Amino acid sequence: MKVVLLADVKSQGKKGQVIDVSEGYAKNFLFPKKLAVAANNQILTEIKGKEESRLHNIELEKKAARETAEKLSSVTVKITTKAGTDGRTYGSVTAKDVAEALEAQHKIKVDRRKITLDNPIKAFGTYILDVKLYADISGKITVSVTESGK
């Protein structure tokens, strides 16, 4: 008997999967515990529609990530900070600072956790940072850190 799982069932499958089980197992265990429903054409059509919708949303997210990566390659984020000793910054520039400056200057919103910054920037200069926008899509952003008053 074919059933659609409504929850993860150990050694059978994950939620939303269509599996083939014995009729007794389905009627005596899965159905009473509301772990599965019988697979009919209506339910199979709903599952197919949800899967197509999920794939479509993934494609839209990938397209948006590619567009953002293209925008990022052509912009430079300028951050001014106070000077400390030895020509170094007073404090440091973090991924949060870069994300906020990017949104303020170029209206491009990127989550700070997606900006790859091994260590906070503690010196003036120009840096190229990686931005992981999607699983296999990343962009590069140029950050210019200058002394305030210059």
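Preceding block: the structure.
Below or above, wherever it landed, is the structure these notes cover. (Residues numbered from 1 in each chain as written. Predicted model: local features only at pLDDT ≥ 70, side-chain atom pairs only at ≥ 80, totals over all residues. Heavy atoms only, no water.)

Remarks on the sheet that holds strand β1 (residues 2-5)
Step number 1: Strand order in this open sheet of three strands is β2-β1-β3, and the pairing throughout is antiparallel. Either end of the sheet is taken by a strand with one partner, and the two such strands are β2 (18-20) and β3 (36-38). Taken pair by pair, the neighbouring strands of this sheet meet at an average axis angle of 40°, ignoring direction.
Step number 2: Summarising the sheet, β1 and β3 pair through three bridges and their orientation is antiparallel. In the sheet register, Val3 faces β3, and the bridge partner there is Ala38. (Pairing = 2+ DSSP bridges. Helix = DSSP H or I, 4+ residues; strand = E, 2+ residues; numbered from the N terminus. Axes fitted to C-alpha atoms, helices over the stretch in contact; angles between N-to-C directions.)

Re helix α3 (residues 95-106)
Step number 1: Taking 1.5 Å of rise per residue, the twelve residues of α3 would be expected to cover 16 Å, and the 16 Å separating its terminal C-alpha atoms lies within 8% of that figure.
Step number 2: Taken as a whole, α3 has its buried residues at Ala95, Val98, Ala99, Ala101 and Leu102. The arc that holds every buried residue of α3, seen down its axis, measures 165°, which confines them to one face.
Step number 3: Of the surrounding secondary structure, the elements contacted by the buried residues of α3 are α2 (41-73), β4 (76-81), β5 (88-93), β6 (115-116), β8 (125-134) and β9 (137-147). (Expected span 1.5 Å × (residues − 1). Buried < 20%, exposed > 50% of the residue type's maximum accessible area, 1.4 Å probe, protein only. Arc of directions from axis to C-beta. Contact = heavy atoms within 4.5 Å.)

Brief notes about the pairing of β4
For a regular strand, the rule is simple: side chains alternate between the two faces of the sheet.
Step number 1: Burial of the side chains of β4 is restricted to one face: Val77, Ile79 and Thr81 are buried, whereas none of Thr76, Lys78 and Thr80 on the reverse face is.
Step number 2: Two elements, β4 and β9, share six bridges in a ladder whose sense is parallel. Of the residues in β9, the one forming a bridge with Thr80 is Thr146.

A few points about the pattern of salt bridges
Pairs can form between side chains of opposite charge once their charged atoms are near each other.
Step number 1: For the structure shown, the criterion picks out five salt bridges.
Step number 2: The shortest N-O distance in the salt bridge between Glu51 and Arg54 comes to 2.7 Å. Taken together, the residues span about one helical turn, with Glu51 and Arg54 both in helix α2 at a distance of three residues.
Step number 3: Under the relative-accessibility criterion, Arg54 is labelled partly exposed at 43%.
Step number 4: In this structure, the salt-bridge partner of Asp111 is Arg113, at a minimum N-O distance of 2.9 Å.
Step number 5: What makes Asp111 partly exposed here is its relative accessible area of 32%. (Salt bridge = Lys/Arg side-chain N within 4 Å of Asp/Glu carboxyl O.)

Structural notes on the side chain of Thr81
Step number 1: Here Thr81 shows up in strand β4.
Step number 2: Here Thr81 is in contact with Thr89, Tyr90, Phe124, Val145, Thr146, Glu147 and Ser148, once residues within four sequence places are set aside.

Details of the sheet that holds β9
Step number 1: With mixed pairing, the four strands of this open sheet are ordered in space as β4-β9-β8-β6. Of all the strands in the sheet, the pair left with one neighbour each is β4 and β6.
Step number 2: For β8 and β9, the ladder comprises nine bridges, and the chain directions are antiparallel. Looking across to β9, one finds that Ile128 is bridged to Thr142.

Looking at the nonpolar core
Step number 1: Judged by nonpolar contacts, the single largest core of 23 residues is most densely connected at Val98, Leu102, Ile115 and Ile141.
Step number 2: Put simply, the parts of the chain that give this core at least two residues each are α2, β4, α3, β8 and β9.
Step number 3: The element contributing the most residues to this core is α3, with five residues.
Step number 4: Formed by nine residues, the second largest nonpolar core is a distinct cluster that contains Val3, Val9, Val21 and Leu35. (Core = buried A, V, L, I, M, F, W, Y, C linked by side-chain atoms within 4.5 Å.)

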